[in-house]
Amino acid sequence: MSGVSAMPFLKPMSLPSPGRQRRHTLPASEFRPLSPQDAVSVFEIEREAFISVSGECPLHLDEVRHFLTLCPELSLGWFEEGRLVAFIIGSMWDQDRLTPEALTLHKPKGRTVHIHVLAVHRTFRQQGKGSILMWRYLQYLRCLPKVRHALLMCEELLVPFYKKLGFKILGPCAITVGNLTFTEMHNAIWGHALMRRNSGY
Ligand SMILES: CC(C)(COP(=O)(O)OP(=O)(O)OC[C@H]1O[C@@H](n2cnc3c(N)ncnc32)[C@H](O)[C@@H]1OP(=O)(O)O)[C@@H](O)C(=O)NCCC(=O)NCCS
């Protein structure tokens, strides 16, 4: 996907016209924070996306439940007709850079959102969903008054993907998992929120 336009964010949810009522009540597309009840669906996507590839994954099932219990408001799920197709899980962090403790801790007094994981269900990849979901999530974070920064760690091959979403490279991440090394990236949530406030919209 070349760049992310504002359109997907602004596009209204498709509503059935009076003459074409849907036969079921599940919305075609829904974005909402996750809850601990979503943990198994989250982990199913993680299992395929990460564990089957490298044997590791950003969050194990108990960690998914842990963060969705502590800070569900820092997660976002994309559901198609009730089925989870993509998600983001974050928690608060209180340092400028990520350390191994960031993998398991939620620091509610911090000003930085640590984005633990973005993943899209295999059958929905390469359709713009990962970009759109992250874009919506960043817009949402800009509405949270205490959030100033977002940090994430990713493998080198995904650096261009996150750059397109406004993330800047901070350098090698202090966290390694087995043989895997990561690049740490930063997004200035506060800077964007200030620019928006100053530009009057
Ligand atoms: C990475 C991921 C979240 C991207 O979501 P997506 O919906 O497939 O991505 P989009 O359709 O929005 O964007 C496509 C872009 O993603 C990038 N991308 C996606 N997967 C990639 C991969 N495995 N390697 C390199 N770039 C990749 C490419 O830049 C691609 O751009 P292109 O179409 O110009 O080639 C998704 O592929 C996924 O869940 N992968 C497995 C889990 C994962 O690696 N998560 C990231 C953890 S940091």
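Above this note sits the structure.
It should be emphasised that the depicted structure is a prediction, and the values quoted were computed from it without experimental measurement.

Peer 1: Explain the environment of Leu68 to me, using residue names and the numbers behind them.
Peer 2: Along the polypeptide, Leu68 turns up in helix α3 (residues 61-70). Taking the relative accessible area as the measure of exposure, Leu68 reaches 1% and is therefore buried. Every residue in contact with Leu68, bar those within four places of it in the chain, is listed here: Leu34, Ser35, Pro36, Ala39, Ser75 and Ile89.

Peer 1: Please provide a residue-by-residue account of the site of the ligand, values included.
Peer 2: Around the ligand sit 20 residues, and of these Val120, Gln126, Gly128, Gly130 and Ser131 come closest. A distance of 2.8 Å separates an oxygen atom of the ligand from a polar backbone atom of Val120. Ser131 places a side-chain nitrogen or oxygen 2.5 Å from an oxygen atom of the ligand. Alone, the ligand offers 890 Å² of accessible surface; in the complex the protein occludes 73% of this. In a pocket analysis with a 2 Å cut-off to the grid points, the ligand is assigned to the largest pocket. Taken together, the elements giving at least two residues each to the shell around the ligand come down to α2 (39-54), β4 (112-120), α4 (129-141), β5 (149-154) and α5 (159-164).

Peer 1: Describe the packing of α2 against α3, and please don't skip the residues or the numbers.
Peer 2: Their axes nearest at 9 Å, the elements α2 and α3 cross at an angle of 135°. Between α2 and α3, the angle falls in the class oblique. Between α2 and α3 the crossing geometry is right-handed. Here Ala39, Val40, Val42, Phe43 and Glu46 of α2 lie close against α3, whose contacting residues are Leu61, Val64, Arg65 and Leu68. When grouped by side-chain class, the residues that make up the contact of α2 with α3 number seven nonpolar, no polar and two charged.

Peer 1: Report on the sheet that holds strand β1 (residues 29-32), specifying residues and quantitative values.
Peer 2: Overall, mixed pairing links the seven strands, which are arranged β1-β2-β3-β4-β5-β7-β6 in an open sheet. Each having just a single partner strand, β1 and β6 (168-172) make up the two edges of the open sheet. The mean inter-strand angle of the sheet, taken between neighbouring strand axes irrespective of direction, is 20°. With eight bridges joining them, strand β3 (residues 83-93) and β4 adopt antiparallel strand pairing. Note on β4: the bridge partner recorded for Ala86 is Val120. Sitting on the sheet, α3 touches β2 (75-80), β3 and β4, and the angle it makes with β3 is about 70°.

Rules used throughout
Residues numbered from 1 in each chain as written. Predicted model: local features only at pLDDT ≥ 70, side-chain atom pairs only at ≥ 80, totals over all residues. Heavy atoms only, no water. Helix = DSSP H or I, 4+ residues; strand = E, 2+ residues; numbered from the N terminus. Buried < 20%, exposed > 50% of the residue type's maximum accessible area, 1.4 Å probe, protein only. Contact = heavy atoms within 4.5 Å. Near = heavy atom within 4 Å. Polar contact = N/O pair within 3.5 Å; in protein donor to acceptor, adjacent residues only side chain to side chain. Areas by Shrake-Rupley, 256 points an atom, 1.4 Å probe, with all protein chains shown as cover. 1 Å grid on protein atoms, 1.4 Å probe; cavity = no way out; pocket = protein on both sides within 12 Å on 5 of 7 lines; lining within 4 Å. Sits in = over half its atoms within 2 Å of the grid points. Axes fitted to C-alpha atoms, helices over the stretch in contact; angles between N-to-C directions. Parallel < 35°, antiparallel > 145°, perpendicular 65-115°, else oblique. Left-handed = near helix turned anticlockwise from the far one by under 90°. Nonpolar A, V, L, I, M, F, W, Y, C, P; charged D, E, K, R; others polar. Pairing = 2+ DSSP bridges.

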